[in-house]
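What follows is the residue order along each chain.
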Amino acid sequence: MTQPVPLPVQAACPVSPIDPFSDEFLAYPYRFHDQLREIGPVFWLDTYGVFGMARHAEVHAALSDWQTYCSGRGAGIEDFAKVKSWRPPSKLLEVDPPVHTRTRTVMSRILSPAAMRQVRETFTVRAEALADDVVAKGRIDAVKELAEVFPLHVFPDAVGLRPEGRENLLPFGNMVFNSFGPQNAIFKESVANAKPVVQWIYDQCSRDMLRPGGFGSQVWDAFDAGEIDAEEAATLVRSMLTAGLDTTVNGIANAIYAFAQHPDQWRAMRDDPSLIRQSFDEVLRWESPVQTFFRTTTRDVEVEGTTIPEGHKVLLFLGAANRDHRKFPEPERFDIRRRPIGHVAFGNGIHTCVGQLVARLEVELILTALLKRVDTITMTAEPVRKLNNTLRSIGSLPIEFKALAH
Ligand code: 8QM
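Quick caveat: nothing in here was measured; it's all calculated off a predicted structure.

Engineer: How should I be thinking about helix α15 (residues 276-286) in this particular structure?
Structural biologist: Side chains of residues three or four places apart in an α-helix project in the same direction, reflecting 3.6 residues per turn. Most of α15 is tucked away, with ten of its eleven residues classed as buried. Each element contacted by the buried residues of α15 is listed here: α2 (30-39), α13 (246-261), α14 (263-271) and α17 (356-371).

The structure is reproduced here in structure tokens:
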């Protein structure tokens, strides 16, 4: 292991030797989150030489102050001002205004409420068919046979991808989400076979590969309209393919996991289906698919008595903020009636998840279809974690659905 990085002299704050990208941390982050939240509002992680924040107030505030905590130097551990990015930077996640404002406008129009109304019917038919299938099977791996299946069925179709090669989508997302962290063994393993996967993804982003009318093709319509240039268009399609799958797969897996552990909450939702949509926010708060993101300071900034100097990486623990008792009483309790307003699982501020309506739609439809058919969800074995530097991810979740008596 390399030497601990000393705290910059200007800063006076607690120093922690915790490695948030170690296997132990990633497998079970919550007791580490407790430690990090309690050592102070800002701390120094000397394994990497970065600052961190794990309390809700500071994480939320940093996310809303893009002028001070910028994204243009990368949302991962690497500072783009110092090292070249692993992939060409995202024109959405890894840019600041004014570029961000322009690209974001295009994406939020394509993924708008009106767009959701257009895909809702198709998504519903597929959610219902999948629910029939998994309930008939009874015992399934809820990751492989449900959580991965649904987004991979509906979203690439909505984007307008060809059918061939879609098996590259999850490995690509896995790489990118790992690449926001350090180049540890988890990252290296995920990029071992990167070349053909990355090539396939980039090939799908060009206009001629995308079905007219789909979300991807609509990005190119914005190029025609002169809103974005060609490189931006291709990279925005890539953003859809990066951000739209692993996140929703884990969102669905985490939802099934949460309800399997809390049968009373599943019953409550069946008694009152109006709880379905808001239950997803509680799933996101309780098990946030995106656990962390970095920002980079653009100036010296004082936070609760600590001066973070300009040009430092700050690791924002979204998952820890969402379990901060200062914001959410009894944060460990999964309670779908909670209405966890202010959770930061979708971020906050100008970079707040632009695809969240798609995620919300997918989860609403899959939960609705399952609720009509499933009496109880039981875990038949311990879930197997899939370690990822950014995502709270399950590799396998063996469950049994007991069908409702009709
Ligand atoms: C995470 O490439 C991108 O634009 C992009 C990649 C990953 C995300 C967002 C955007 C937050 C889901």
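Engineer: Please explain the pattern of salt bridges as it appears in this structure.
Structural biologist: Pairing between side chains of opposite charge can happen when their charged atoms approach one another. On inspection of all chains with the given rule, the structure shows 34 salt bridges. As a salt-bridge pair, arginine 166 and aspartate 157 come within 2.7 Å of each other at their nearest N and O atoms. Judged by its relative accessible area of 16%, arginine 166 falls in the buried class. The residue arginine 333 makes a salt bridge to glutamate 330 at a minimum N-O spacing of 3.3 Å. Exposure remark for arginine 333: the relative accessible area of 39% places this residue in the partly exposed category. Each of Glu287, Arg323, Glu332, Arg385 and Arg392 takes part in one network of salt bridges that share partners.

Engineer: Looking at this structure, I do not really get the sheet that holds strand β1 (residues 15-16). What am I missing?
Structural biologist: Two pairing modes exist for strands in a sheet, parallel and antiparallel, and in both the strands are linked by backbone hydrogen bonds. The six strands are arranged β1-β2-β3-β9-β6-β4 in an open sheet whose pairing can be described as mixed. Strands with a single pairing partner mark the edges of an open sheet, and in this sheet they are β1 and β4 (69-70). Docked against the sheet, α2 engages β1, β2 (43-45) and β9 (313-317), running at close to 135° with respect to β2.

Engineer: Where do I start with the sheet that holds strand β13 (residues 398-403) in this structure?
Structural biologist: With antiparallel pairing, the three strands of this open sheet are ordered in space as β5-β13-β10. Of all the strands in the sheet, just β5 (139-141) and β10 (374-379) have a single pairing partner and so form its edges. Sheet twist, expressed as the mean angle between neighbouring strand axes with direction ignored, is 30°. Two strands pair when backbone bridges link them, and β5 and β13 are joined in this way by three bridges, in the antiparallel orientation. Following the sheet pairing, arginine 139 is matched in β13 by glutamate 400. Across the sheet, α13 lies against β10 and β13, angled at about 95° from β10, the strand it touches most.

Engineer: Explain the packing of aromatic side chains to me, please; I cannot follow it from the model alone.
Structural biologist: Between two aromatic rings, the relevant description is the distance of the centres plus the angle of the planes. Evaluated as defined, the whole model comprises 17 aromatic pairs. Taking the centre distance of 5.6 Å and the plane angle of 75° together, the rings of phenylalanine 21 and tyrosine 48 count as edge-to-face. Of this pair, phenylalanine 21 sits in the loop between β1 and α1 (23-27) while tyrosine 48 sits in the loop between β2 and β3 (50-53); the two residues are 27 residues apart in sequence, bridging distant segments of the chain. Ring geometry for phenylalanine 155 against phenylalanine 215: centres 6.4 Å apart, planes inclined by 45°, an arrangement best described as tilted. One end of the pair, phenylalanine 155, is in helix α7 (residues 149-159); the other, phenylalanine 215, is in helix α11 (residues 215-224), and 60 residues separate them in sequence. Judged by relative accessible area, which is 5%, phenylalanine 155 ranks as buried.

Engineer: Got a minute to help me understand the pairing of β9 in this structure?
Structural biologist: Side chains on a regular strand alternate between the two faces of the sheet. Burial analysis of β9 places five of its five residues in the buried class, the great majority of the element. The alternating pattern of β9 places Lys313, Leu315 and Phe317 and Val314 and Leu316 on opposite faces, both of which are buried. Pairing between β3 and β9: three bridges, direction parallel. In the sheet register, methionine 53 faces β9, and the bridge partner there is leucine 316. Pairing of strand β6 (residues 292-297) with β9, which is carried by five bridges, proceeds in the antiparallel orientation. Across the sheet, residue phenylalanine 294 finds its bridge partner in β9, namely leucine 315.

Engineer: Explain helix α12 (residues 230-243) here, please?
Structural biologist: The end-to-end C-alpha distance of α12 is 20 Å, a good match for the 20 Å that 14 residues give at a rise of 1.5 Å each. The buried fraction of α12 amounts to ten of the 14 residues, a majority that puts the element mostly inside the structure. Those residues of α12 that sit buried are Glu232, Ala233, Thr235, Leu236, Val237, Arg238, Ser239, Met240, Leu241 and Thr242. Looking at the packing, one finds that the buried side of α12 touches α4 (99-110), α7, α8 (169-179), α10 (194-204), α11 and α13. Two to three positions downstream of the cap, the backbone nitrogen of glutamate 231 sits 3.1 Å from a side-chain oxygen, assigning the N-cap of α12 to aspartate 229.

Reading the values: the criteria
All chains use their own residue numbering, which begins from 1 and follows the written sequence. At least 70 in pLDDT is required for a residue's local features to be given in this predicted model, at least 80 for side-chain atom pairs to be given and counted, and no such filter applies to totals for whole chains, interfaces and linings, which use all residues. With hydrogens and water stripped out, all remaining heavy atoms of the structure feed into the side-chain values. Exposure classes here rest on a 1.4 Å probe applied to the protein chains alone. A residue is buried below 20% of its type maximum, exposed above 50%, and partly exposed in between. Put simply, DSSP marks the helices as runs of H or I at least four residues long and the strands as runs of E at least two long, and each gets a number from the N terminus on. Throughout, a residue-residue contact means that at least one pair of heavy atoms, one from each residue, lies within 4.5 Å. A side-chain nitrogen of Lys or Arg and a carboxyl oxygen of Asp or Glu constitute a salt bridge if their distance falls within 4 Å. Here, strands pair whenever DSSP counts at least two bridges between them. What counts as an axis is a line fitted to C-alpha atoms, over the stretch in contact for a helix, and the angles between N-to-C directions run from 0 to 180 degrees. Two rings belonging to Phe, Tyr or Trp (six-membered ring only in the last case) form a pair when the distance between their centres is within 6.5 Å. Interplanar angles under 30 degrees mark stacking, angles over 60 mark edge-to-face geometry, and anything in between is tilted. A helix is expected to span 1.5 Å for every residue after the first. Counted as a polar contact is a pair of N or O atoms within 3.5 Å, where, for protein atoms, one must be capable of donating a hydrogen and the other of accepting one, and residues adjacent in sequence contribute only when both atoms are in side chains.

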